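# Commentary on secondary and tertiary structure
Each chain, written out:
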Amino acid sequence: MNTLRTATMEILNLDVHSLSFEELYRTAYDLVLSKEGDRLFTMIDDCVTDHLCLHVASKIADIVGEVEFLTDFEARYQRHCQGVEMLTDVFAYLDRVHVERSKSHPHSIRQMAMERWLLCVVKNPRISRRLGKCLSDLVRREREKDVELSRDVLRKVSTMLFELQEDSAYVLEFESRLLDDTTSFYKAMAEKHIVSDDCPTYLKMVENQLE
């Protein structure tokens, strides 16, 4: 079990050059056959939780700069997905045989690992408070022509949040914030231009904003 614990942490860190996936699969296979599936799944869960809560979340939260923060956040998510893919390969037999029958662990390793990302990283107070505001501020600044928004990063982060749990309170909070900010921004713009512009100029401004 200790060998698999060490290997699991190395996989999560993408430090796999010294690992034999065939040997790890065989070791996990033997443990499941020995009725150690529950203990094995708990070990994997603990490793994923410790890795995300104790290491990944703090590094993301310390990043300075809005675009830099979002870029690092999304890049670490991609690294997490890579690690999860390797874990599902190593523990494929555990997923296929044990998890399907287990009442204590009804989810697959992939589902568990994505839930841990949501709980340990996205809902980390230092990250969640910053994330929604950061996304909204970047959209606002682009509308005000203060910054060229990295739309690729925005798309990737918002897609990630939607795919993790589309009805989560956080996603709804971000969506609500963005819609409110959008309403306020264009209401203020309309009120400003309706006073100063003639009709053709105003309509041209609207056309530009729609584009």
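Residues numbered from 1 in each chain as written. Predicted model: local features only at pLDDT ≥ 70, side-chain atom pairs only at ≥ 80, totals over all residues. Heavy atoms only, no water.

Moving on, we come to the nonpolar core. Membership of the largest hydrophobic core comes to 55 residues, with the highest contact counts inside it found for Leu40, Ile44, Leu70, Phe73, Phe91, Trp117 and Val121. If you list the elements that add at least two residues to this core, you get helix 1 (2–12), helix 2 (21–33), helix 3 (37–61), helix 4 (66–90), helix 5 (92–101), helix 6 (109–122), helix 7 (125–143) and helix 8 (151–164). Tallying contributions element by element places helix 3 first for this core, with 11 residues. Discounting residues that sit within four places of it in the chain, Val121 has contacts with Leu52, Val56, Ala57, Ile60, Phe73, Arg116 and Ile127. (Core = buried A, V, L, I, M, F, W, Y, C linked by side-chain atoms within 4.5 Å. Buried < 20%, exposed > 50% of the residue type's maximum accessible area, 1.4 Å probe, protein only. Helix = DSSP H or I, 4+ residues; strand = E, 2+ residues; numbered from the N terminus. Contact = heavy atoms within 4.5 Å.)

Moving on to helix 3. Quick reminder: α-helices carry 3.6 residues per turn. Residues three or four places apart thus point the same way. Taking 1.5 Å as the rise per residue, helix 3 with 25 residues should run 36 Å; its terminal C-alpha atoms sit 35 Å apart, in good agreement. At Leu52, helix 3 shows its largest bend, some 35 degrees. (Expected span 1.5 Å × (residues − 1). Bend = angle between axes of the 7 residues up to and from the residue.)

The next point concerns helix 7. End to end, helix 7 covers 28 Å across 19 residues, agreeing with the expected 27 Å (1.5 Å per residue, within 8%). Among all positions of helix 7, only Ile127, Leu131, Gly132, Cys134, Leu135, Ser136, Asp137, Leu138, Val139 and Glu142 are buried. Looking one or two places after helix 7, you find Lys145, whose phi comes out positive at around 65 degrees.

According to the stated counting rule, one finds six aromatic pairs in the structure shown. Aromatic pair Phe73 and Trp117: ring centres 6.0 Å apart, planes at 50 degrees, arrangement tilted. Placement of Phe73 in helix 4 and of Trp117 in helix 6 is noted, with a sequence separation of 44 residues between them. By relative accessible area, Phe73 is classed as buried at 0%. Using a relative accessible area of 0% as the deciding quantity, one classes Trp117 as buried. Arranged with centres 5.4 Å apart and planes meeting at 55 degrees, the rings of Tyr77 and Trp117 form a pair that is tilted. Pair noted here: Tyr77 is in helix 4 and Trp117 is in helix 6, with a separation of 40 residues, a long-range link. Of the two residues examined, Tyr77 and Trp117, each falls in the buried class. Cation over ring: Arg130 sits above Phe69, and NZ or CZ is 4.1 Å from the ring centre. (Phe/Tyr/Trp six-rings, centres within 6.5 Å; stacked < 30°, edge-to-face > 60°. Lys NZ or Arg CZ within 6 Å of the ring centre and 35° of its normal.)

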